[in-house]
Amino acid sequence: MIKICCIGAGYVGGPTMTMIARKCPDIRVDVADINAERIAAWKSDKLPVFEPGLDEIVREVRGKNLFFTTDVDSAISDADIIFISVNTPTKTYGYGAGSASDLSYVESCARRIADSADGNKFRVIVEKSTMPVRTAEVIRKIFTSRGRNFQILSNPEFLAEGTAMKDLENPDRILIGGDDSCEEGRRAIDALVSIYSRWIPKEKIITTNLWSSELSKLTANAFLAQRISSINSISALCEATGADVDEVALAIGSDSRIGSKFLKSSIGFGGSCFKKDLLNLIYLCDHFGLPQVAQYWRGVVEMNDFQKSRFCANVVESMFRNIKGKRLAIFGFAFKEDTNDTRESPAIDICKLLLSERAKLAFYDPKVSPGQICSDLGIDEKDSRVEFCKSACESAKGADAIIVLTHWKEFRELDYSEIIKQMNKPAWIFDGRNCLDHRLLIELGFLVRGIGKGNLS
């Protein structure tokens, strides 16, 4: 039996290994993490990661060929293929702070693999985390300094949170970067290809050199973020001119050269990857003496920040330039629907700005806990400025405005004819995701503001 170990039981490692275990019942998959609380959650009925379809698959394979453990060293020792799926956050200290990736977790992981894995056995080490270009060289130096001649592959994830299980089952592509100039390198690439080809057509499995694979992940996220910032920049112009950003997006998206994906204007992009990978790309461009290229991508980040502050300014300006003491119902806090992930969620900066204006916020998100919201905002759960509600209707009761920050399906299906009766008048709705029926809301008596829509009422 082939044995796989994945170090890191987060949003990438957990779902990815779950899908491999399901599709390859003859392979033993161990997901190892030093965080005992997280591993306990993976073994429980309440998983630490919410993804549609994940819970059912975990229950199907857990204890059969999928196992979760805190015994990292044993899992490494037994494995033929070891995935590194640890966090690579943006550095907050020292050289490269604010842009470079913090590789301390990766380095620690590589050292632990070198200490725990037998160097006489053929082993494949797979970069699954998003790594800066040339990270494989850092890992290789750690291995060779300790007499370990392991083969290193880059296999970046291209998952979209909220659809991760669908993306894993039917991906656009699988990218594997390795050294095909030597026999052992080709053997390592073939080993990983043979696993994915169990359920993925081989024409969707792309093999490249290591550096192309590492850079492709950063570039993919940069291009997607760029499209979001581009349409958001046009949304500001739409509001100034009376155009409708959704109509503009439909018109340009119908052009086959452009396409319609990632042209939905909103309060901005979030999640663990886009901003982090953009900052890393900016750092690399500066590092290699390409300041003009760095500035180009820096503009994408700046536009995203501008969109959030512009949205908040619209809230304050619309509500008579005063939200002090007013109850604002916050619909959603996760960075997107169908996930409990709040990393880099636009809601964080927006809610901080609203709190700085001394508003009172009544939160409701179907998957994000009050503790997580408070942690992200840097406040205490007993803070008198915030309230945590069990439903959207409860949060809207007595509110002066509803602020939609996450595109949860249930927000579109609420009975707003009943909600408006419970709100202070005038009753405002600021739709930061353009996901509600604005025409109906106006007919019900709401004052509505969307993104790129101008003054609707």
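## Digging into the packing of aromatic side chains
No. 1: As enumerated under the stated definition, the model contains 15 aromatic pairs in all.
No. 2: Judged by centre distance (5.8 Å) and plane angle (40°), the ring pair of Phe-223 and Trp-297 falls under tilted. With Phe-223 in helix 9 (residues 210-241) and Trp-297 in helix 12 (residues 291-318), this residue pair connects regions lying 74 residues apart in the sequence.
No. 3: On the basis of relative accessible area, Trp-297 is assigned to the buried category, the value being 9%.
No. 4: Taking 6.1 Å as the distance between ring centres and 80° as the angle between the ring planes, the aromatic pair formed by Tyr-416 and Phe-446 counts as edge-to-face. With Tyr-416 in helix 17 (residues 416-419) and Phe-446 in the loop between helix 18 (438-444) and strand 14 (447-449), this residue pair connects regions lying 30 residues apart in the sequence. When sorted by exposure, Tyr-416 lands in the same class as Phe-446, which is buried.
No. 5: Put simply, the rings of Phe-223, Tyr-296 and Trp-297 pair up and form one aromatic cluster.

## Observations regarding the sheet that holds strand 9 (residues 327-331)
No. 1: Within the open sheet, the six strands sit side by side as 11-10-9-12-13-14. Their pairing is parallel. If you trace the sheet from one side to the other, it starts and ends with strand 11 (386-388) and strand 14, each paired once. Here the average twist between neighbouring strands, direction ignored, is 20°.
No. 2: Bridge analysis of strand 10 (residues 360-364) against strand 11 gives three bridges, and the strand direction is parallel. The residue of strand 11 that forms the bridge with Leu-361 is Val-386.
No. 3: Strands in contact with helix 12 are strand 12 (401-404), strand 13 (428-431) and strand 14; relative to strand 13, the strand with the most contacts, it is inclined by about 170°.

## A closer look at the packing of helix 5 (residues 104-116) against helix 6 (residues 135-145)
No. 1: Axis separation between helix 5 and helix 6 bottoms out at 9 Å; the angle between their running directions is 35°. Note that helix 5 runs across helix 6; the crossing there is right-handed. Here helix 5 contributes Val-106, Glu-107, Ala-110, Arg-111, Ile-113 and Ala-114 to the contact with helix 6, which in turn contributes Thr-135, Ile-139, Ile-142 and Phe-143.
No. 2: Of the residues belonging to the contact of helix 5 with helix 6, the class tally is seven nonpolar, one polar and two charged.

## Concerning the side chain of Thr-406
No. 1: Mapped onto the fold, Thr-406 is located in the loop between strand 12 and helix 16 (409-412).
No. 2: The class of Thr-406 is buried, set by a relative accessible area of 0%.
No. 3: A distance of 3.1 Å separates a polar atom in the side chain of Thr-406 from the backbone nitrogen of Phe-333.
No. 4: Side-chain polar atoms of Thr-406 contact the backbone oxygen of Ala-334, separated by 2.8 Å.
No. 5: Among residues more than four places away in sequence, those in contact with Thr-406 are Phe-331, Gly-332, Phe-333, Ala-334, Lys-336, Glu-337, Asp-365, Phe-411 and Arg-433.

## Structural notes on the nonpolar core
No. 1: Leu-328, Phe-331, Leu-354, Ile-402, Phe-411 and Tyr-416 are the most contacted members of the largest nonpolar core, which totals 54 residues.
No. 2: A total of six residues in this core trace back to one element, the largest contributor, which is helix 13 (residues 346-356).
No. 3: Ignoring any residue separated from it by four or fewer positions in sequence, one finds Ile-402 in contact with Ala-329, Phe-331, Ala-396, Tyr-416, Ile-419, Met-423, Trp-428, Ile-429 and Phe-430.
No. 4: Listed in part, the 39 residues of the second largest apolar core include Leu-54, Val-126, Ile-195 and Ile-205.

## Notes on helix 14 (residues 370-377)
No. 1: Among all positions in helix 14, only Ile-373, Cys-374, Asp-376 and Leu-377 are buried. The buried residues of helix 14 occupy an angular sector of 160° when projected down its axis, which confines them to one face.

## Side note on the pattern of salt bridges
No. 1: In this structure the tally under the stated criterion is 30 salt bridges.
No. 2: Among the salt bridges present, the one from Arg-146 reaches Asp-115, with a minimum N-O distance of 2.4 Å. Here Arg-146, found in the loop between helix 6 and strand 6 (151-154), pairs with Asp-115, found in helix 5; they are 31 residues apart in sequence, far enough to count as distant.
No. 3: The class for Asp-115 is exposed, based on a relative accessible area of 54%.
No. 4: The shortest N-O distance in the salt bridge between Asp-244 and Lys-453 comes to 2.9 Å. Residue Asp-244 is located in the loop between helix 9 and helix 10 (245-253), and its partner Lys-453 is located in the segment after strand 14; the two are separated by 209 residues in the primary sequence.
No. 5: The class for Lys-453 is buried, based on a relative accessible area of 15%.
No. 6: Each member of the salt-bridge network shares a partner with another, and the members are Arg-22, Lys-23, Glu-60 and Glu-169.

## A closer look at helix 12
No. 1: Taking 1.5 Å of rise per residue, the 28 residues of helix 12 would be expected to cover 40 Å, and the 39 Å separating its terminal C-alpha atoms lies within 8% of that figure.
No. 2: Positive backbone phi, approximately 60°, marks Phe-320, located one or two places after helix 12.

## A look at the pairing of strand 6
No. 1: Neither face of strand 6 is left uncovered, since the one carrying Gln-151 and Leu-153 and the one carrying Ile-152 and Ser-154 both have all their residues buried.
No. 2: As paired strands, strand 5 (residues 124-127) and strand 6 are joined by four bridges and run parallel to one another. Bridge pairing in strand 6 links Val-126 to Leu-153.

## Quick word on the environment of Phe-333
No. 1: Looking at the secondary structure, you find Phe-333 in the loop between strand 9 and helix 13.
No. 2: Here the alpha-carbon distance between Phe-333 and Arg-146, two residues 187 residues apart in the chain, equals 46 Å.
No. 3: Those residues in contact with Phe-333, other than ones at most four positions away along the chain, are Thr-342, Ser-345, Ala-347, Ile-348, Cys-351, Phe-363, Asp-365, Val-368, Ile-373, Asp-376, Leu-377 and Thr-406.

About the criteria used
Residues numbered from 1 in each chain as written. Predicted model: local features only at pLDDT ≥ 70, side-chain atom pairs only at ≥ 80, totals over all residues. Heavy atoms only, no water. Phe/Tyr/Trp six-rings, centres within 6.5 Å; stacked < 30°, edge-to-face > 60°. Helix = DSSP H or I, 4+ residues; strand = E, 2+ residues; numbered from the N terminus. Buried < 20%, exposed > 50% of the residue type's maximum accessible area, 1.4 Å probe, protein only. Pairing = 2+ DSSP bridges. Axes fitted to C-alpha atoms, helices over the stretch in contact; angles between N-to-C directions. Contact = heavy atoms within 4.5 Å. Left-handed = near helix turned anticlockwise from the far one by under 90°. Nonpolar A, V, L, I, M, F, W, Y, C, P; charged D, E, K, R; others polar. Polar contact = N/O pair within 3.5 Å; in protein donor to acceptor, adjacent residues only side chain to side chain. Core = buried A, V, L, I, M, F, W, Y, C linked by side-chain atoms within 4.5 Å. Arc of directions from axis to C-beta. Salt bridge = Lys/Arg side-chain N within 4 Å of Asp/Glu carboxyl O. Expected span 1.5 Å × (residues − 1).

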